[in-house]
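# Architecture at a glance
This is what each chain is made of:
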Amino acid sequence: YVPYSNFYVGAAVEIKNVSMITGVNVENVSYGLTNCAESTALFTVYSQGDRKEDIVAMAVVGKSDVTTGPCGACRQVMNELLPEKCVIYLSNLVGKTKEITMEELLPFAFGPSDL
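A short tour of the structure in this document, coming up. Within every chain, residues take consecutive numbers counted from 1 along the sequence as written. It should be noted that, the model being predicted, local features are given only for residues of pLDDT at least 70 and side-chain atom pairs only at 80 or more, the latter also being counted only at that level, while totals for whole chains, interfaces and linings use all residues. To get the side-chain values, take all heavy atoms of the structure and skip hydrogens and water.

## Points about the nonpolar core
Only buried residues count toward a nonpolar core, which is a set of Ala, Val, Leu, Ile, Met, Phe, Trp, Tyr and Cys residues joined through side-chain atoms within 4.5 Å. Partly exposed residues are those whose accessible area sits between 20% and 50% of the maximum for their type, while under 20% is buried and over 50% is exposed, using a 1.4 Å probe and protein chains only. Residues Val 13, Leu 42, Ile 55, Met 78, Leu 82 and Ile 88 are the most contacted members of the largest nonpolar core, which totals 24 residues. Going along the chain from the N terminus, every DSSP run of H or I of four or more residues is numbered as a helix, and every run of E of two or more is numbered as a strand. Elements supplying a minimum of two residues to this core: strand S1 (9-15), helix H1 (37-47), strand S3 (55-62), helix H2 (72-81), strand S4 (87-92) and helix H3 (102-105). Not counting residues within four places of it along the chain, the set of residues in contact with Leu 42 comprises Val 13, Ile 55, Met 58, Val 77, Met 78, Leu 81 and Leu 82. We call two residues in contact whenever any of their non-hydrogen atoms come within 4.5 Å of each other.

Now the structure itself:
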């Protein structure tokens, strides 16, 4: 549901038991209430009882000419909820794909060890 930006994003999280949890972005006229695909997918993973040790990889796909990177808020969520060595795939609908690590996605990340 993206009536304001028309920027479609989907995310998928691969779980060790070979399941795939997905999420999409859902906009709101008050942008701060919009829910991003990456957070939707990860919150669903956790709401179903899986945790970071169960996650194998994550993909983010956008309807764009370039590979789609997560927003800053989602990068922070991903930093907290994904395993440290999780493979992250950024892609688009025409086959461009970039494989990255969490450290590449959010260098100098703020996490629980910083508290």
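And the narrative resumes.
## A closer look at the pairing of strand S5 (residues 97-100)
At least two DSSP bridges between two strands are needed for those strands to be called paired. Relative to S5, S4 is paired through 4 bridges, and the arrangement is antiparallel. When the bridges of S5 are listed, Ser 91 appears paired with Thr 97.

## Quick word on unusual backbone geometry
Residue Asn 6 is not a glycine yet carries a positive backbone phi of 55°. Position of Asn 6 relative to the elements: it lies in the segment before S1. With phi around 60°, Phe 108 is a residue other than glycine that occupies positive phi space. Relative to the elements of secondary structure, Phe 108 occurs in the segment after H3.

## Observations regarding the packing of aromatic side chains
Stacked, tilted and edge-to-face are the three classes assigned to paired rings of Phe, Tyr and Trp, where Trp is represented by its six-membered ring and a pair needs centres within 6.5 Å; plane angles under 30 degrees give stacked, over 60 edge-to-face, the rest tilted. Counted by the stated rule, this structure contains 1 aromatic pair. Considering the side-chain rings of Tyr 4 and Tyr 31, the 6.4 Å spacing of their centres and the 85° angle between planes classify their relative orientation as edge-to-face. Separated by 27 residues along the polypeptide, Tyr 4 in the segment before S1 and Tyr 31 in the loop between strand S2 (20-24) and H1 bring together distant segments of the chain. Look at Tyr 4 and you get partly exposed, because its relative accessible area is 39%.

## Considerations on the environment of Ser 64
Secondary-structure assignment places Ser 64 in the loop between S3 and H2. Classification of Ser 64 as partly exposed rests on a relative accessible area of 22%. For the pair Ser 64 and Glu 84, spaced 20 residues apart in the sequence, the C-alpha separation amounts to 28 Å. When residues no more than four places from it in sequence are discounted, the contact partners of Ser 64 are Phe 7 and Asn 92.

Fair warning: the whole summary comes from geometry, so function is off the table for now.
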